[in-house]
Amino acid sequence: MNNLKKQLLAGPYLIWIIGFIVLPMIMIMIYAFTNADGAFSLEYLSAITTTTNLNAIALSLKLGFLATLICLVLSYPLAMILSSFNFKHQNFVVFIFMLPMWMNFLLRIMAWKLLLSKNGVFNSVLHTLGLGSFNILYSPTAVILGMVYDYLPFMLLPIYNSMVRIRKDIIEAAQDLGANNITVFFKIIVPLTLSGVVSGIVMVFVPALTSFAVSDILGGGKVLLVGNVIEQDFMQGMQWNAGSALSFVLMIFVFISMALVNQFDKDGEGTAKW
Amino acid sequence: MKKDLINFIDISKSYGSNMILDEFNLTVRENEFVTLLGPSGCGKTTTLRMLGGFETPDTGKILFDGEDITYLPANERKLNTVFQKYSLFPHMSIADNIAFGLKISKKSKAYINDKIKYALKLVNLDGYENRSIDSLSGGQQQRIAIARAIVNEPKVLLLDEPLGALDLKLRQSMQYELIRLKEELGITFLYVTHDQEEALTMSDSIVVMNQGYIQQIGSPEEIYNEPENAFVADFIGHSNIIDGTMIKDELVEILGVKIPCVDRGFGENKPVDVVIRPEDVELVDPSEGYLEGDVVSLIFKGVHYELEVLANGYEWLVHTTKLVPVGTHVGIKVIPFNIQIMHKPESSDEKAVEIDE
C-alpha cells in the first residue's frame with residue numbers, strides 16, 4: 001500500500017521524463033536512422049564523414065578543449081584566492097564573479113562583438129595610444145574568448161565550492177605532519193577539489209562543444225562548429241535527418257568525454273597514491 | 001630531576017583589543033603529562049597552537065629543547081598534534097593517513113608498513129589499514145588521529161581537547177588508553193581541556209588557566225585539595241566558597257561563627273575566602289555542629305546524595321551517603337584539616353570569572 005503511494009507520487013515525473021526527454025531522444029534517433037522518405041537508412045549518419053562535418057567536429061572539439069583548459073587555468077587560482085579570503089564580504093566578491101551569468105547570454109556575446117570590432121572600443125583605445133590595431137573578431141580566437149567569458153562562472157563555482165569545503169584544520173594537520181606548502185597543495189588541496197574540477201570541466205566542455213550562438217556571432221559565419229552545421233541543417237536546409245544524425249554523433253562525443261572525465265575522477269578519488 | 005623540554009617565556013598575545021595571554025610563562029619537562037585546564041577563552045588553545053606553529057606570539061619566545069622555535073613553521077617542528085575534530089584526510093585510506101608524515105620524511109616502504117601495523121596495534125585497531133575514514137566511529141577516528149601523530153615519534157604530543165566530541169563512556173576508556181600510551185611511548189603529552197575530571201584523571205601536572213593568566217600549577221592532588229584561589233576551587237569541582245575573616249592563626253570566622261582550622265600566617269582579622277568541599281561537610285546532631293540549618297533540597301546522584309542545607313543565610317552544598325530527608329534540622333561540622341583558607345584575589349583578573357555562589 002505504502003509502496004503503491006510512493007509509486008503514484010513518482011507518476012508526474014515519469015510522465016515528464018517520458019514526454020520531454022525519452023520521446024524527443026527517440027525521435028532524434030528515428031530521424032538520424034532514416035532518409036527523407038522515412039525508410040531506414042544510414043545515409044545521413046555516414047554523411048558525417050564529409051569534410052565539412054569532420055572539420056566542424058574537429059574544430060568544436062579543439063575550441064571546446066581550449067576554452068575548458070583556459071577556464072580551468074583561470075578559475076583554479078581564482079577559487080583559491082577567493083576561498084582564502086577571510087573577510088565578511090567574501091560571498092559578495094564571489095557574487096560579483098557570478099553576476100554576468102544572470103545577464104542575457106546573447107547580450108554578453110553581442111557586447112564582445114562591439115568591443116572587438118574594427119572600430120570598437122579596444123581598437124579605438126589602441127589607435128589613440130598609437131599602438132596600431134588588432135583584428136581577432138570573426139576568428140576562432142574570438143570564439144574561444146567568448147566561450148571563456150561565458151562559461152567561466154560554471155568552472156569557478158564548483159571549484160570554489162569544493163575549495164571552501166576544505167576545513168582549515170585539515171590543512172593544519174598536514175602541516176603538523178611535516179608537509180610544506182607544495183605538498184599541502186598537491187596531496188591535500190588538489191585531491192579534495194578534484195570533484196569540483198570534474199564538474200567544472202563537464203559544465204564548460206559540454207556547452208562549449210555544442211555551442212552555436214558564440215561562434216555564430218563572434219565567428220561571423222567563418223567559424224563553423226558542429227552546432228552551426230546542425231543549425232543550418234534544421235533552419236536553412238530543412239535537412240532534419242542530417243541534423244539529427246549530426247546531433248546523435250555529437251551526443252556520443254559528449255557521452256565519451258563525460259565517461260573519460262568520470263573515469264579520471266574515480267582514479268583520483270580512489271587511490272590518492274603518491 | 002627531569003630535563004626542561006619546552007619553555008614559554010613572557011608570551012603575550014592579543015587579537016585586536018582582546019588580550020589572550022599576558023606575560024605567560026610555563027615550563028614543561030620531559031616525559032610529563034601536562035594539562036592546560038580552564039574555561040573557554042582562557043588562552044589554553046592559543047598556547048597549544050603557538051607551540052604547534054599555527055600562531056605566533058606578539059612578544060616573548062618559545063624554546064623547544066633549548067632552541068628558539070617561536071617563528072619556526074609548523075612543518076619543521078618536531079612535535080605532532082591531535083586535533084579536536086580529528087582532522088583526518090578524508091580522501092585517503094587509514095594506512096595512507098598514518099603514513100602521511102612518514103612519507104614526507106622519506107622513510108622506506110618496509111619501515112612505513114611496520115610503523116602502520118605497530119601504530120594500529122597500539123590504538124587497538126589492528127587490521128583497519130584499508131578501511132575508509134567514513135566507516136569509523138568518532139572514537140576510532142580519534143584513535144587513528146593519535147596513531148597518525150605518534151608514528152612520527154615526536155618528542156611532544158599536543159592534544160587539543162581530543163575527547164571533547166566523544167560520549168562519556170568512550171571518553172573514560174580513551175582516558176585510560178592515553179595514560180597507557182603515554183607510559184608505553186615515554187613521550188611528553190601536552191593536553192588541553194576544559195574538563196576538570198579529565199585533567200585530574202590523566203595528568204602528572206595541571207596548569208589551571210583563566211583570562212590569559214596561570215592560576216595555579218600543581219599535581220592533581222594539590223589542585224584539588226589545596227586550591228590557591230577561589231577560581232581554582234570553583235573550577236575544580238563544586239565547592240562551598242564562603243567569605244570569612246581570619247581571626248588569628250588556626251581560627252577563622254565564617255557566617256558569624258568561629259571555627260578552628262589548620263592554616264597559619266594570614267595575619268589577624270584579615271578577609272579571606274574559605275573553601276569547603278561538599279564531601280567534607282559532616283551532618284551531625286544540631287547540638288554538636290558549629291552551625292545549625294535545615295535541609296532544603298535532596299538529589300540522588302548514584303554514589304552519594306547531594307543536599308543543600310540552609311544555615312546562617314548560606315546554602316551549603318553537601319555530599320553524603322546517608323539519606324537525610326528535606327526539612328530535617330541538622331548541625332554542620334567540618335574537621336579543621338578540611339577547611340581551606342585562601343587569600344582574597346588581589347587583582348581584578350583573578351576574579352574576572354564570576355563565581356556562582
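Not measured: the values here are computed from a predicted model. (Residues numbered from 1 in each chain as written. Chains lettered and ligands numbered in written order. Predicted model: local features only at pLDDT ≥ 70, side-chain atom pairs only at ≥ 80, totals over all residues.)

Peer 1: What is the right way to read the overall build of chain A from this model?
Peer 2: Per the secondary structure count, chain A includes 12 helices and zero strands. Reading the helices (α) and strands (β) of chain A from amino to carboxyl end gives α-α-α-α-α-α-α-α-α-α-α-α. For the C-alpha atoms alone, the extent of chain A along its principal axes is close to 80 × 70 × 35 Å. Counting every position in chain A, which comprises 274 residues, the buried fraction comes to 31%. (Helix = DSSP H or I, 4+ residues; strand = E, 2+ residues; numbered from the N terminus. Buried ≥ 20, exposed ≤ 12 C-beta atoms within 10 Å, placed from the backbone.)

Peer 1: Help me out: how do you make sense of the UniProt feature "domain: ABC transporter" (unreviewed entry) in chain B in this one?
Peer 2: The UniProt record annotates "domain: ABC transporter" (unreviewed entry) at residues 6–236 of chain B. In residues 6–236 of chain B, helix accounts for 36% and strand for 27%; the two terminal C-alpha atoms are 26 Å from one another. (UniProt positions renumbered as here; feature names shortened; annotations may be inferred.)

Peer 1: Quick question: what am I supposed to make of the sheet that holds strand S1 (residues 4–15) of chain B here?
Peer 2: Strands pair in a sheet through their backbones, by hydrogen bonds, and they do so in one of two ways: parallel or antiparallel. Residue and element names in this part refer to chain B. Read across the sheet, four strands follow the order S2-S1-S4-S5 without closing on themselves; strand pairing throughout is antiparallel. A strand with exactly one partner marks an edge of an open sheet, and here the two such strands are strand S2 (18–29) and strand S5 (67–68). Pairing of strand S4 (residues 59–64) with S5, which is carried by two bridges, proceeds in the antiparallel orientation. Among the inter-strand pairings, Leu 63 is bridged to a residue of S5, identified as Asp 68. (Pairing = 2+ DSSP bridges.)

Peer 1: It is not clear to me how the sheet that holds strand S10 (residues 213–218) of chain B should be interpreted in this structure. Could you clarify?
Peer 2: All names here are of chain B. Taken together, the six strands give an open sheet; going across it, the order is S6-S7-S8-S3-S9-S10, and neighbouring strands pair in mixed fashion. Here the strands that pair on one side only, and so sit at the sheet edges, are strand S6 (79–82) and S10. Averaged over all adjacent pairs, the angle separating strand axes in this sheet is 20°, with direction ignored. In the sheet, strand S3 (residues 33–37) pairs with strand S8 (residues 188–193) via five bridges, with the strands oriented parallel. Counted as the bridge partner of Leu 36 is Val 192 from S8. (Axes fitted to C-alpha atoms, helices over the stretch in contact; angles between N-to-C directions.)

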